[in-house]
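# Structural overview
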Amino acid sequence: MACQKFVPAKSNSDGEDEMKALTWNGKNDIRCESVPDPKIEHDRDAIIKVTACAICGSDLHLFDGIMPSMEKGDVLGHETMGEVVEVGKGNSKLKVGDRVVVPFTISCGECFFCKKGFFSGCERSNPNAKAAEKMWGHSPAGLFGYSHMLGGFAGGQAQFLRVPYADVGPIKVPEGLTDDQVLFLSDIFPTGYMAADFCNLKGGETVAIWGCGPVGQFAIKSAFLLGAERVIAIDTVPERLALAKASGAIMLDFMQEDIYDRIQELTQGRGADACIDAVGTEPATGSGFDAVIDRIKVATFMGTDRPHVLRQAIHCCRNFGTVSIVGVYGGLLDNMPMGSAINRGLTFRMAQTPVQHYLPKLLERIEKGEIDPSFVITHRATLEEGPELYKTFRAKKDGCIKVVMRPNG
Ligand SMILES: NC(=O)c1ccc[n+]([C@@H]2O[C@H](COP(=O)([O-])OP(=O)(O)OC[C@H]3O[C@@H](n4cnc5c(N)ncnc54)[C@H](O)[C@@H]3O)[C@@H](O)[C@H]2O)c1
Ligand SMILES: [Zn+2]
Ligand SMILES: [Zn+2]
């Protein structure tokens, strides 16, 4: 298809086209700034005009300055959807005017991993793979708006987004579904679903889920969709626990109750069949004694991560149960109770979500009305309000669970 041009947002004094975007400028410093418009760089690219984008818990790791290889001015955002306004000449899948949701993982669709459905392991999409290999042994896929080690791709909290390999990732939205219903197919719905999918549920199980943020909320819904009999949801933020309860979960407040004791009580002393960590490396202050030690180690550069929740999830899991990890960790995790895991036969599953693998069946569930993902949205905003809403979401103020922004009004 011929390359079709779109009308840019506006031009600066040098004649360069500009758009508005949220940029990273250091710890706790997100700004709404003018940046150059994205351009088609490869034949398979597409440019989308963003109609809706969201702030993710993973963006908070950037906001908190704990993700290495961010650079001043990097455009943030990896939960994005919009309208195709330009397509590269090698892209026969998309056409101008298509309405699409863009997965946060960038995948070529052709390599060893993509062919097996492990899209977030794509071995071609990270141009800075060498940096990731140094840290992790091998590189995963490139991600939108998520550090230079993961490709340095500009993100989608912006008016326009360049989508590499746009003939693989974006999924077309069927008529009749609103942005609010489909936006979270870009990340948190597949991520929560994967967390439950990893638990290999057969029906009748008890699943314990740490974290009732957006990802935890989708893990709760998905665990029920996949056959769990009971879900135990753990957090301390009242609105988040209330939303978990509305989905049918039993609420536990980790600031008020001993989580291990309560799970023992609820499972006749056996432990939960599966435990999901939907918190990751930044548990709240007050999470427990080992969490204090973790905090000191990280603050003094003696450690990289704070895996309190993962330790607790391992202890609370029954013999031969599954620990499913979707909360993000970055480096080397100290004091992991591997003795508990190996002697009791636990299975560990974890990943950055291979979003494309889950998209078709989750879209189908939305179309059938089995789930309406918009239930997590608490705040709607313009892009200009984005920096303030990063703070609100970080502090969990004002009942904030999920922020959706409309960069083009
Ligand atoms: N694997 C993936 O592909 C993927 C995709 C999206 C997000 N994530 C990760 O998932 C995690 C959650 O994302 P989110 O958007 O829901 O973030 P969030 O920060 O809104 O939610 C985290 C929740 O954990 C709760 N929490 C803190 N300490 C706790 C403790 N000790 N016990 C139980 N709960 C505790 C917080 O109160 C909060 O509600 C993040 O680490 C994020 O990076 C992973
Ligand atoms: Zn995310
Ligand atoms: Zn690939």
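Let us look at the structure shown here. This one's a predicted model, so the numbers in the text were calculated from it and none came from an experiment.

### Quick look at the environment of Cys-114
Secondary-structure assignment places Cys-114 in helix α2 (residues 112-115). Under the relative-accessibility criterion, Cys-114 is labelled buried at 3%. The spatial distance from the C-alpha of Cys-114 to the C-alpha of Val-168 is 9.8 Å, given a sequence separation of 54 residues. In this view, Cys-114 contacts Ser-107, Cys-108, Gly-109, Phe-119 and Cys-122; residues no more than four positions away in its chain are not counted.

### A look at the pairing of strand β16 (residues 317-325)
Bridge count between strand β15 (residues 272-277) and β16: five bridges; the pairing is parallel. Counterpart to Ala-274 in the pairing with β16 is Thr-322. What joins β16 to strand β17 (residues 347-350) is helix α11 (residues 338-343), and the crossover it makes is right-handed.

### Considering the sheet that holds β17
One open sheet accounts for six strands, arranged β14-β13-β12-β15-β16-β17; its pairing is parallel. Both edges of this open sheet fall to β14 (250-253) and β17, since each of them pairs with a single strand only. The mean angle between the axes of side-by-side strands here comes to 20°, regardless of whether they run parallel or antiparallel. Pairing between strand β12 (residues 206-210) and β15: four bridges, direction parallel. Each residue of the ladder has a partner; that of Val-207, found in β15, is Ala-274.

### A look at the pairing of strand β13 (residues 230-235)
Here is the key point about a regular strand: its side chains alternate between the two faces of the sheet. The buried fraction of β13 amounts to five of the six residues, a majority that puts the element mostly inside the structure. Tracing the backbone out of β12, into helix α6 (residues 214-225) and back to the parallel element β13 gives a crossover that is right-handed. As judged from the four bridges shared by β13 and β14, these two strands associate in the parallel manner. Residue pairing for β14: Ile-234 is matched across the bridge by Leu-252.

### So, the coordination of the zinc ion (ligand 3)
Around the zinc ion (ligand 3), the protein supplies Cys-108 (SG), Cys-111 (SG), Cys-114 (SG) and Cys-122 (SG) as donor atoms, at distances of 2.3 to 2.4 Å. Its four donor atoms give the zinc ion (ligand 3) angles of 105 to 116° at the centre, a pattern that matches the tetrahedral case. One chain supplies every donor for the zinc ion (ligand 3), spaced along it as C-x2-C-x2-C-x7-C. Overall, Cys-111 belongs to the buried group, its relative accessible area being 4%.

Cut-off values and rules
Residues numbered from 1 in each chain as written. Chains lettered and ligands numbered in written order. Predicted model: local features only at pLDDT ≥ 70, side-chain atom pairs only at ≥ 80, totals over all residues. Heavy atoms only, no water. Helix = DSSP H or I, 4+ residues; strand = E, 2+ residues; numbered from the N terminus. Buried < 20%, exposed > 50% of the residue type's maximum accessible area, 1.4 Å probe, protein only. Contact = heavy atoms within 4.5 Å. Pairing = 2+ DSSP bridges. Right-handed = clockwise from strand over helix to strand, strands pointing away. Axes fitted to C-alpha atoms, helices over the stretch in contact; angles between N-to-C directions. Donors = N, O, S within 2.8 Å, 3.2 Å for Na, K, Ca; no water. Tetrahedral: all angles 85-135°; square planar, octahedral: opposite > 155°, others 65-115°.

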